[in-house]
Amino acid sequence: MVGRVIKACRERAGLTQTELGAAIGYSEEQVSSVERGRRAPKEQFLDGADQVLGAGGLISGLKKDVREARYPKKVRDLAKLEGEAVEICAYDNSVVNGLLQTEEYLRAVFGSRRPAFSEEEVEQRVAARLARQGIINSANPTPAFSFVHDEAALCRRVGGRMVMRKQLERLLEVGQMRNVEIQVLPMDREDNAGLGGPFHLLRLKEGTTVGHNEVQRTSRLISEPKEIQILELRYGVIRAQALPPRESLAFIEKVLGET
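J.: Would you mind showing me how to read the overall build of the protein here?
T.: When you go through the protein residue by residue, the secondary structure sums to 13 helices and six strands. Taken along its principal axes, the extent of the C-alpha atoms in the protein is 70 × 40 × 35 Å. Considering the protein as a whole, with its 259 residues, one finds that 45% of them fall into the buried category. In the protein, the share of contacts with a sequence separation of at least 24, taken over all contacts with a separation of at least 6, comes to 72%. Accessible surface for the protein amounts to roughly 14,000 Å². Of this, 49% is attributable to carbon and sulfur atoms. For the protein, the distance from the average position of its 39 positive side-chain charges to the average position of its 37 negative side-chain charges is 3 Å.

Structure representation (structure tokens):
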């Protein structure tokens, strides 16, 4: 849809793809890819095209649609629900939660996938995840966040030592926010209610709760009340088994010092 709008405005202005690209600093191939829906345009592209084509804000106004289109299909519903949540709870036992990942860390995560993603797929997923993180980087202290990480997720040096150090520093930074609680479940705990794997709980404004889990190639939203009840019970036990937030930040500082 965005591509069709840009093409219509370009043709109305009497410009070729080459001429539009030259005017806004993009190649003819890039303009063609945007118009054909093969490439999601950056905000600079939209603003430049709007100005050059005299669209009066029509093209610039498509930024929200483009941001949503950057999400792979399987996470679009999740991103929408995150935007409607008043509380987001997450347990992770393999890698740091996606909402907390630095760009270097998440690139390393995507780069480790097999079969390997293409460069275009990596860029799409990086852009989508960074866009989702806007919810936690917002100046507005809502929603409330609760993250529990297994110690293993903090000790696995994804991307190498320096990437992991920056990631741990990011956790310490976010952990100071008033609406965020980060907890660590140490590996020396005899009990761990999260051995079944990572999952999320999203409590929505209207009072309902939705779950989400992702295992291998399966991403699933959960709304069945009985399943939600089990996940809520499980998450409560996991939080009780984990270190309190203040002790958890001290634990992360210790891991950082050893990394």
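J.: In this structure, what is going on with the pairing of strand β5 (residues 209-215)? I would like to understand it.
T.: Remark: a regular strand shows side chains that alternate across the two faces of the sheet. Buried residues dominate β5, accounting for five of its seven residues. Bridging between strand β4 (residues 199-204) and β5 involves four bridges; their strand directions are antiparallel. By the bridge assignment for β5, R203 is matched with T209. Linkage of β4 to β5, two consecutive antiparallel strands, is achieved through a turn of four residues, within which G207 is found at a positive phi near 100°. Two strands pair when backbone bridges link them, and β5 and strand β6 (residues 218-222) are joined in this way by five bridges, in the antiparallel orientation. The partner of G211 across the bridge, within β6, is I222. Hairpin connection from β5 to β6: two residues lie between these consecutive antiparallel strands, with Q216 at a positive phi of about 50°.

J.: How do you make sense of the side chain of S248 when you look at a structure like this?
T.: Relative to the elements of secondary structure, S248 occurs in helix α13 (residues 245-258). Leave out the neighbours within four places in its chain, and S248 touches I182, Q183, V184 and L243.

J.: Whenever I open this one, the pattern of salt bridges confuses me. Can you help?
T.: For side chains bearing opposite charge, pairing can occur when the charged atoms are close. In the structure shown here, the tally under the stated rule is 13 salt bridges. In this structure, E29 and R39 form a salt bridge, with 3.8 Å as the shortest nitrogen-oxygen distance. On the criterion of sequence distance, the pair formed by E29 in helix α3 (residues 28-35) and R39 in the loop between α3 and α4 (43-52) is long-range, its members being 10 residues apart. Within this structure, E87, R203 and E232 form a network of salt bridges that share partners.

J.: How do you make sense of the nonpolar core when you look at a structure like this?
T.: In summary, soluble globular proteins display a tendency toward joint burial of nonpolar side chains. Counting residues in hydrophobic clusters, the biggest one holds 34 residues, and the most contacted among them are L100, F145, F147, L168, L171, I182 and I252. Take this core: its biggest share by element is six residues, from helix α11 (residues 161-174). Apart from residues no more than four positions distant in its own chain, L100 is found in contact with Q133, I136, F147, H149, Q167, R170, L171, V174 and I182. By size, the runner-up hydrophobic cluster in this structure holds 16 residues, among which are I6, V34, I59 and V66.

J.: Looking at this model, I keep getting lost on α4. Mind explaining?
T.: One turn of an α-helix holds 3.6 residues; hence residues three or four places apart share an orientation. Taken together, the buried positions of α4 are occupied by F45, L46, G48, A49 and D50. Following α4 by one or two positions, G54 adopts a phi angle in the positive range, close to 60°.

J.: I tried to follow the packing of aromatic side chains on my own but got confused; where do I start?
T.: Each aromatic ring pair is characterised by the separation of its centres together with the angle its planes make. For the structure on display, the rule yields five aromatic pairs. Ring plane angle 65° and centroid distance 6.3 Å describe the contact between F110 and F117, whose orientation is recorded as edge-to-face. Residue classification places F117 among the partly exposed positions, given a relative accessible area of 21%. Pairing F199 with Y235 gives two aromatic rings, centres 6.1 Å apart and planes at 80°, and the pair type is edge-to-face. Residue F199 is found in strand β4, and its partner Y235 is found in helix α12 (residues 225-241); the two are separated by 36 residues along the sequence. For the pair F199 and Y235, a shared accessibility class is recorded, and that class is buried. An aromatic cluster of at least three residues, connected via ring pairs, comprises Y91, F199 and Y235.

J.: Got a minute to help me understand unusual backbone geometry in this structure?
T.: Peptide bonds are mostly trans, and most non-glycine residues show a negative phi. In this structure, P115 follows R114 across a cis peptide bond, with omega equal to 0°. Tracing the chain through its elements places P115 in the loop between α7 (103-111) and α8 (119-132).

J.: Which parts of the structure should I look at to understand the sheet that holds strand β1 (residues 85-92)?
T.: Sheets are built from strands paired through backbone hydrogen bonds, the pairs being either parallel or antiparallel. Spatial strand order, β3-β2-β1-β4-β5-β6: six strands in an open sheet with mixed pairing. Looking along the sheet, the strands with just one partner apiece sit at the ends: β3 (180-185) and β6. Between one strand axis and the next, the sheet turns by 10° as a mean value, whatever way the strands run. Examined bridge by bridge, β1 and strand β2 (residues 144-150) share six bridges and lie parallel to one another. For D92, the partnering residue across the bridge sits in β2 and is H149.

Criteria and cut-off values
For every chain, the first residue of the written sequence is number 1, and numbering continues from 1 along that sequence. Two thresholds apply to this predicted model, a pLDDT of at least 70 for residue-level local features and 80 or more for giving and counting side-chain atom pairs, whereas whole-chain, interface and lining totals are computed over all residues. Side-chain descriptors were evaluated using all non-hydrogen atoms of the structure, hydrogens and water having been removed beforehand. A run of H or I in DSSP becomes a helix once it reaches four residues, and a run of E becomes a strand once it reaches two; helices and strands are each numbered from the N terminus. Throughout this description, buried means an accessible area under 20% of the type-specific maximum (1.4 Å probe, protein chains only), exposed means over 50%, and partly exposed covers the range between. Contacts are assigned to residue pairs that have any heavy atoms within 4.5 Å of one another. Working definition of accessibility: Shrake-Rupley area with a 1.4 Å probe, residue cover restricted to the visible protein chains. Positive charges are assigned to Lys and Arg, negative charges to Asp and Glu, while His and the chain termini are left out of the count. Where a charge lies is defined by one atom per residue type, namely NZ (Lys), CZ (Arg), CG (Asp) and CD (Glu). Two strands qualify as a pair provided DSSP detects at least 2 bridges between them. A pairing counts as a salt bridge when a side-chain nitrogen of Lys or Arg comes within 4 Å of a carboxyl oxygen of Asp or Glu. Nonpolar core, defined: a set of buried Ala, Val, Leu, Ile, Met, Phe, Trp, Tyr and Cys residues in which side-chain atoms within 4.5 Å join the residues together. In this analysis, rings of Phe, Tyr and Trp, with Trp reduced to its six-membered ring, are considered paired at centre separations within 6.5 Å, and the interplanar angle assigns stacked below 30 degrees, edge-to-face beyond 60, and tilted for intermediate values. Every angle, taken between N-to-C directions, lies between 0 and 180 degrees, and every axis is a line fitted to C-alpha atoms, over only the stretch in contact when it is a helix.

Purely spatial values, then, with no claim about function.
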